[in-house]
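# Tertiary structure, described
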Amino acid sequence: MPHTVYTSAIVQAPLAKVWPQFRDFNGLAGWHPGIAQSRLEEGGRHDAVGSVRYLSLKPSGFVREQLLMLDDPGTALRYSIIETDLPMRDYVAGVTLTAITESGATLVEWWADFRVEDGADLQAVATAVGQGVFAAGLAALDEKLRG
């Protein structure tokens, strides 16, 4: 049975500034502290469904992710991991952004459904995704866009 990790955070910047950071499928290394490098694989575009990005992770590891959906009017996207050296499989994740009209900030919701390999510690993997990837990334993005 798949496990779901869900993280939400307020980024203190308007939706128009936050959405481009996610919409650029090759832009994660520009603001996420866990990403050493990002490159699009041959034929890929930063905004084209079906494109594959290869992320080198800090301190080590990699993921190959494919963009499954890019919804500009809904400021949402979905992607899957197609290959990784991490102990997870059948990983599909999504991001949805919502403008907070009262403050001018943006609500970011980031989730993932995945399975862990036999013998892997589900709680450790879930914490790594929720805290190490989603929460750490959103905190760094908030800091970058405030400045």
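Structure: see above.
Here the structure is a predicted model, which means the values were calculated and not measured.

On to the overall build of the protein, then. Within the protein, the secondary structure is distributed over 2 helices and 7 strands. Starting at the N terminus, the α and β elements of the protein follow one another as β-α-β-β-β-β-β-β-α. Over its C-alpha atoms the protein spans a radius of gyration of 15 Å, differing by no more than 12% from the 15 Å that the globule rule assigns to 147 residues. Residue burial in the protein is summarised as follows: out of 147 residues, 38% are buried. By sequence separation, contacts in the protein at least 24 residues apart represent 47% of the contacts at least 6 residues apart. For the protein, the exposed surface amounts to about 7,500 Å²; the carbon and sulfur share of it is 51%. A gap of 5 Å separates the mean positions of the 12 positive and 18 negative side-chain charges of the protein.

Our focus in this paragraph is the nonpolar core. In this structure, Val18, Phe22, Tyr91 and Phe114 are the most contacted members of the largest nonpolar core, which totals 34 residues. Counting only elements with at least two residues in this core, the list comes to β1 (3-11), α1 (15-23), β3 (52-57), β4 (62-71), β5 (76-84), β6 (88-100), β7 (105-116) and α2 (122-146). Looking at this core, the element that brings in the most residues is α2, giving 7 residues. Not counting residues up to four positions away in its chain, the partners in contact with valine 18 are Val11, Ala13, Leu97, Thr106, Val108, Leu141 and Leu145.

Before going further, it helps to spend a moment on the pattern of salt bridges. For side chains of opposite charge, pairing can occur when their charged atoms come near one another. Enumeration over the complete set of coordinates arrives at 9 salt bridges. Note that aspartate 47 is salt-bridged to arginine 45, the shortest N-O span being 3.2 Å. Look at aspartate 47 and you get partly exposed, because its relative accessible area is 23%. By sharing partners, the salt bridges in this structure join Arg23, Arg45, Asp47 and Asp72 into a single network.

This structure, assessed with the given rule, holds 7 aromatic pairs. Considering the side-chain rings of tryptophan 31 and tryptophan 110, the 6.5 Å spacing of their centres and the 50° angle between planes classify their relative orientation as tilted. Separated by 79 residues along the polypeptide, tryptophan 31 in the loop between α1 and β2 (35-40) and tryptophan 110 in strand β7 bring together distant segments of the chain. Taken individually, tryptophan 31 and tryptophan 110 each receive the classification buried, so the pair is uniform in this respect.

Our next topic: α1. Taken residue by residue, α1 has Val18, Trp19, Gln21 and Phe22 as its buried positions. The arc enclosing the buried residues of α1, seen along the axis, measures out at 155°, which places them on a common side. Elements that come into contact with the buried residues of α1 comprise β1, β4, β5, β6, β7 and α2.

Cut-offs and rules
Think of each chain on its own: its residues are numbered from 1, step by step along the sequence as written. In keeping with the predicted nature of the model, local features appear solely for residues at pLDDT of at least 70, side-chain atom pairs appear and are counted solely at 80 or more, and the whole-chain, interface and lining totals rest on all residues. Calculated side-chain values reflect all of the structure's heavy atoms, with hydrogen atoms and water omitted. Strands are runs of DSSP state E lasting at least 2 residues, helices are runs of H or I lasting at least 4, and numbering of each runs from the N terminus. We compute the radius of gyration over the C-alpha atoms and compare it with the globule rule, which gives 2.2 Å times the number of residues raised to the power 0.38. Three labels apply to residues, based on accessible area from a 1.4 Å probe with only protein chains included: buried if under 20% of the type maximum, exposed if over 50%, partly exposed otherwise in between. In this analysis, two residues are considered to be in contact whenever any of their non-hydrogen atoms come within 4.5 Å of each other. Only the protein chains shown count as cover for residues, and all accessible areas are computed by the Shrake-Rupley method using a 1.4 Å probe. Note on charges: Lys and Arg go in the positive column, Asp and Glu in the negative column, and His and the chain ends are not counted at all. In this description, the location of a charge corresponds to atom NZ of lysine, CZ of arginine, CG of aspartate or CD of glutamate. Side-chain atoms within 4.5 Å link the members of a nonpolar core, which is a set of buried Ala, Val, Leu, Ile, Met, Phe, Trp, Tyr and Cys residues. Whenever a carboxyl oxygen of Asp or Glu lies within 4 Å of a side-chain nitrogen of Lys or Arg, that contact is scored as a salt bridge. Classification of ring pairs rests on two measures: the distance between centres of Phe, Tyr or Trp rings, Trp counted by its six-membered ring, which must be within 6.5 Å, and the angle between planes, read as stacked under 30 degrees, edge-to-face over 60 and tilted in between. In this description, the arc belongs to the directions extending from the helix axis to the C-beta atoms.

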